[in-house]
Amino acid sequence: MAGVRLSHIYKTYPGAKEPTVKDLNLEIRDKEFVVLVGPSGCGKSTTLRMIAGLEEITEGELYIGDRLVNDVAPKDRDIAMVFQSYALYPHMNVYQNMAFGLKLRKFKKADIDARVHEAARILDIEHLLDRKPKQLSGGQRQRVALGRAIVREPQVFLMDEPLSNLDAKLRVAMRSEISKLHKRLETTIIYVTHDQTEAMTMGERIVIMNEGVIQQAAPPTEVYNNPRNLFVAGFIGSPSMNFINGLIDEESGNVVFKSKNINVVIPEGRAKILREKGYVGREVIFGIRPEDLHIEPIFLEASPNSIVNAGIEVAEHLGHEQILYLEGLGDTTVIARIDGRTPVSEGSNIRLAMDMNKFHIFDKDTEEAVFYQESRN
Amino acid sequence: MEGREGAATGGTPVDWDRLRRQLEQILQAEFRLKQVGKADWTRWGEERDLPAMASREREGELLFPIRIAGDRVEVLAASPPLMTETERRLVEVMLETVRKSLPKRKNGGDTLKAELREWIESQIAAGEPEDRDPPAHLTAYPVLYQERVPFLIVGGHAHEEPFAGDELQKLIGSFFDSEVLLVPLDEREWLVLAGRSLLDPDDEAGAEESVEERLSSLCEGLHSVLLNEGEGEFHVTVHYPIVPAQSLPMTVIRMREAVAVGRSSRINQYVHLPWELYLDQLLSPLSRADKIRFIEQVFKRKEPMLDDETILTLETFFELNCNVSETAKRLYIHRNTLLYRLDKFRQESGLDVRNFNQAVHVKIALQLYKVTKRH
């Protein structure tokens, strides 16, 4: 097993004006499950492919364990890959698919047999060992692809969108399978996805990338509760965080956030930070997650300084919860997530209280989170 | 020149396929050209105390040796073996005579690869790849008269060191587990000639598979094995089975075209199947200006901006024959959400992709849009 260290990594494709990956620094600990996540074209797959040795590193250093591997061929990096196109070898049965790499490396027959059966047992595919790929379902094929990687007992597993060819239900099931597998194998996994739910549910640490740059690398809850900037705040969470343009002002000794139909008092601790950083009197972006807008009477009663009135444009009833699309607040549609029991109707008005312990303020120019505090992760 | 090492020293060209057909007609038995392992060949001979070049009976076939090439023996296999002892002896004598007339060479395997490469490149360079028989010295290789499945693999990343041919040969040989010829066309481009038996169905389910489906899964498997075994990411294509002596240079041209077109029109794809690229091949010679003009005419605006979601939705819709339910299922969205997206696209572009003619325009414009946006 080994950690992976990326130091000041750049990737520039021939003829490109801008690097695809810019000054990427990341230390992945031994046995850690790290998920690289970001929108299409953010550089996450390129980063993984550089680790795999499938793309040349333009600048910077890449270490697997203590070994500098910039110029080491993929096959000598002691990694195993599971990619989106998990093509199995069509003319071989499951056993042969899993044994192929070991056979090629001249492992003893008994060792091959032991490894294949152990991996098959872990993945619950022992009963499929004699079958050909075309006789398998999508989920079974994906398990075989994982098995093919597991039998090699690599230092690091690299997975690039391995679940994206599966249907939604199977994807959810395989998510937890891979997480369990990680705990069982106790090995380093670097996993790439564009799906924030996959990232949040699987990663011990998630690395959010945009335009070739790491935006934040932290555990899922940290990223969710303490986003470093506007991009991270908007990318993680569904429905995503509400962003309202407005002004930080001072009224009757209180620091307040003001926008159209919004005038909420900012609690003293955070007000102090805003004063110290010189945000009073400045335009900012106010961020609040849909679940941090409340309609419960007890919350409204306890939060007289953060109450707003809005019109319900659309109400989506999802059974256990409702998603309200609210108009009249600031310059945008604000989304609130409330419980599924409270009766609400489209076109009516509603009173809500903002949880003033959970809001975020972003600098309008830099888009950095004003209250962000770097954790030790 | 590398290709001249061990090159032909006289001899008469032999059309092995013609010879095979003649034997079939005369003896009313089915003959085919194939290879067997040299070790097996020797063992079978030792079991019956037979000379090295005497015929052997094996699993219902009568095997007549043609030549020993490295660790393989090229044979003419007759099945069912209904010949009399006299006929069998006559075939042996005839083949011995033919063998003696063949050009002499030093190192069968490597020389064949070099000579094949030279033949392919010279035919392509001369611009006359069709309807030309191989040069006389290549007719000494019966392997070129057996039906083969050709693959082309092209190195896709920028490692400075060229790929080690021996390792690649070993990997691909193990992968196909059958006689396979790997011909380096240059440092990053390899021609693979695999046995036709790869396409034989191995069970009932396999019998229902089309040739394209079988070739496609083999091609994806080949790409996958190169990636998994750490050789790197290669672009891979395949062609329908051919008899190399008849059409190899032309087949190489077709496969090179498939890779070139696939690489330019389908970003991040490494398996390029010719039968999926007909439209791409038709559109690729258009100039950039013509492509942009067509896009603008279809979308009725300069520089249309299509977001990833719209592109994915439309592509999936076309891939699934404009079937709304299937598309919604594939995209994991509600049918109404898909209809909403298609309506939104119609409102913004004036194009209704549920109308056949407009769908054709959008399909082509989308294909061109992706190419022009990347260059």
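In the block above lies the structure referred to throughout.
Notes on the structure in this doc start here. This structure is a prediction, so every number in the text was calculated from the model and none was measured. Within each chain, residues carry numbers counting from 1 in the order of the written sequence. To label them, take the chains in the order written and letter them from A, then take the ligands in the order written and number them from 1. Whole-chain, interface and lining totals are the exception, using all residues; otherwise, since this is a predicted model, local features are given only for residues with pLDDT of at least 70 and side-chain atom pairs are given and counted only at 80 or more. The basis for the side-chain values is all heavy atoms of the structure; hydrogens and waters are excluded.

**Some words on the overall build of chain B**
Part 1 of the argument: Scanning chain B from N- to C-terminus turns up 14 helices and 9 strands.
Part 2 of the argument: Only protein chains enter the accessibility calculation, which uses a 1.4 Å probe; a residue whose area is less than 20% of its type maximum is buried, one above 50% is exposed, and one in between is partly exposed. Taking all 375 residues of chain B together, 50% fall into the buried category.
Part 3 of the argument: The contact rule is simple, with two residues in contact once any of their heavy atoms fall within 4.5 Å. Considering only residue pairs separated by 6 or more positions, chain B has 67% of its internal contacts joining residues 24 or more positions apart.
Part 4 of the argument: Approximately 18,800 Å² of chain B is accessible, and the part contributed by carbon and sulfur atoms is 49%. A run of DSSP states H or I qualifies as a helix once it reaches four residues; a run of E qualifies as a strand once it reaches two. Both are numbered from the N-terminal end. Accessible areas in this description were obtained via Shrake-Rupley with a 1.4 Å probe; residue shielding takes into account the shown protein chains only.

**Structural notes on the sheet that holds strand β9 (residues 205–210) of chain A**
Residue and element names in this part refer to chain A.
Part 1 of the argument: The pairing criterion is simple: DSSP has to find at least two bridges between the two strands. Read across the open sheet, the 6 strands follow the order β6-β7-β8-β3-β9-β10; overall the sheet is mixed. At either end of the open sheet lies a strand with only one pairing partner, and these are β6 (79–83) and β10 (213–218). The mean angle between the axes of side-by-side strands here comes to 15 degrees, regardless of whether they run parallel or antiparallel.
Part 2 of the argument: Looking at chain direction, strand β3 (residues 33–37) and β9 are connected through 4 bridges and run parallel. Note that in β9 the partner of L36 across the bridge is V207.
Part 3 of the argument: To obtain each axis, a line is fitted to C-alpha atoms, and for helices this fit is confined to the stretch in contact; angles are then taken between N-to-C directions over 0 to 180 degrees. Packing against the sheet, helix α4 (residues 138–150) makes contact with β6 and β7 (156–160), and its axis sits at approximately 170 degrees to β6.

**What to know about the sheet that holds strand β5 (residues 67–68) of chain A**
All names here are of chain A.
Part 1 of the argument: Pairing in this open sheet of 4 strands is antiparallel, and the strands run β2-β1-β4-β5 from one edge to the other. Of all the strands in the sheet, the pair left with one neighbour each is β2 (21–28) and β5.
Part 2 of the argument: Together, β1 (4–11), β2 and β4 (59–64) form the strand contacts of helix α1 (residues 44–52), whose direction differs from that of β1 by roughly 120 degrees.

**Some points on the side chain of B:E229**
Part 1 of the argument: Relative to the helices and strands, B:E229 is located in the loop between α7 (211–228) and β8 (234–238).
Part 2 of the argument: With sequence-adjacent residues up to four places away left out, B:E229 is seen in contact with A:K75, A:Y89, A:F100, A:G101, A:L104, A:R105, A:R152 and B:L171.

**Focus on the packing of aromatic side chains**
Here the distance between the centres and the angle between the planes together describe a pair of aromatic rings.
Residues and elements named next belong to chain A.
Part 1 of the argument: Note on aromatic pairs: the rings of Phe, Tyr and Trp (six-membered ring only in Trp) are paired at centre separations within 6.5 Å, and the planes decide the class, stacked below 30 degrees, edge-to-face beyond 60, tilted for the rest. Enumeration over the complete set of coordinates arrives at 15 aromatic pairs over all chains.
Part 2 of the argument: A centroid spacing of 4.5 Å and a plane angle of 15 degrees characterise the contact between F257 and F286, whose relative ring orientation is stacked. Within this pair, whereas F257 is found in strand β12 (residues 254–259), its partner F286 is found in strand β14 (residues 283–288), the two being separated by 29 residues in sequence. Per residue, the accessibility class of F257 equals that of F286, and both read buried.

**So, α1(A)**
All names here are of chain A.
Part 1 of the argument: Most of α1 is tucked away, with 8 of its 9 residues classed as buried.
Part 2 of the argument: Listing the buried residues of α1 in full gives K44, T46, T47, L48, R49, M50, I51 and A52.
Part 3 of the argument: Residue G53 follows α1 closely and has a positive phi angle near 90 degrees.

**Observations regarding a nonpolar patch on the surface**
Part 1 of the argument: There is a patch of nonpolar side chains on the surface, built from B:V211, B:Y240 and B:Y278 and spanning about 280 Å² of accessible area.
Part 2 of the argument: For B:Y240, the location among the structural elements is in the loop between β8 and α8 (244–265). Only residues above 30% relative accessible area that lack a salt bridge enter a patch, with like-charged residues linked at up to 9 Å and the nonpolar side chains Val, Leu, Ile, Met, Phe, Trp and Tyr linked at up to 5 Å. For this analysis, a salt bridge means a side-chain nitrogen from Lys or Arg found within 4 Å of a carboxyl oxygen belonging to Asp or Glu.

**Description of the interface of chain A and chain B**
Part 1 of the argument: At the interface, 35 residues of chain A touch 33 residues of chain B.
Part 2 of the argument: For the pair chain A and chain B, the number of links is 4 salt bridges.
Part 3 of the argument: Between A:R49 and B:E233 there is a salt bridge, with the nearest N and O atoms lying 2.5 Å from each other.
Part 4 of the argument: Think of a polar contact as two N or O atoms within 3.5 Å of one another; within protein, one of them needs to be a possible hydrogen donor and the other a possible acceptor, and neighboring residues in sequence only count if both atoms come from side chains. Linking chain A with chain B are 10 residue pairs in polar contact (both at pLDDT 80 or more), by the criterion used here.
Part 5 of the argument: Elements with a minimum of two residues in the side of chain A that touches chain B: β6, α2 (94–104) and α5 (168–185) of chain A.
Part 6 of the argument: With 3 residues, the single largest contributor to the side of chain A that touches chain B is α2(A).
Part 7 of the argument: Broken down by class, the residue content of the side of chain A that touches chain B amounts to 14 nonpolar, 8 polar and 13 charged. As a working rule, the residues Ala, Val, Leu, Ile, Met, Phe, Trp, Tyr, Cys and Pro are called nonpolar, Asp, Glu, Lys and Arg charged, and the rest polar, with Gly in that last group.

**A few points about the pairing of strand β1 (residues 30–37) of chain B**
All names here are of chain B.
Part 1 of the argument: Counted residue by residue, β1 has 6 buried out of 8 residues, so it is predominantly covered.
Part 2 of the argument: As paired elements, β1 and strand β4 (residues 72–79) share 8 bridges and run antiparallel to each other. Bridging from a neighbouring strand, F31 pairs with A78 of β4.

**A short note on the packing of α2(A) against helix α3 (residues 109–123) of chain A**
Residue and element names in this part refer to chain A.
Part 1 of the argument: Between α2 and α3, the shortest axis-to-axis distance is 10 Å and the interhelical angle comes to 135 degrees. Here α3 runs oblique to α2, going by the angle between their axes. Of the two elements, α2 crosses α3, and the hand of that crossing is right-handed. Only I112, D113, R115, V116, H117, A119 and A120 of α3 make contact with α2, whose side of the interface consists of Y95, M98, A99, L102 and K103.
Part 2 of the argument: When its residues are assigned to classes, the contact of α2 with α3 shows 8 nonpolar, 1 polar and 3 charged. For this classification, under 35 degrees means roughly parallel, over 145 means roughly antiparallel, 65 to 115 means roughly perpendicular, and everything else is oblique. Here a crossing is called left-handed whenever its near helix is offset anticlockwise from the far helix by less than a right angle, and right-handed whenever the offset is clockwise.

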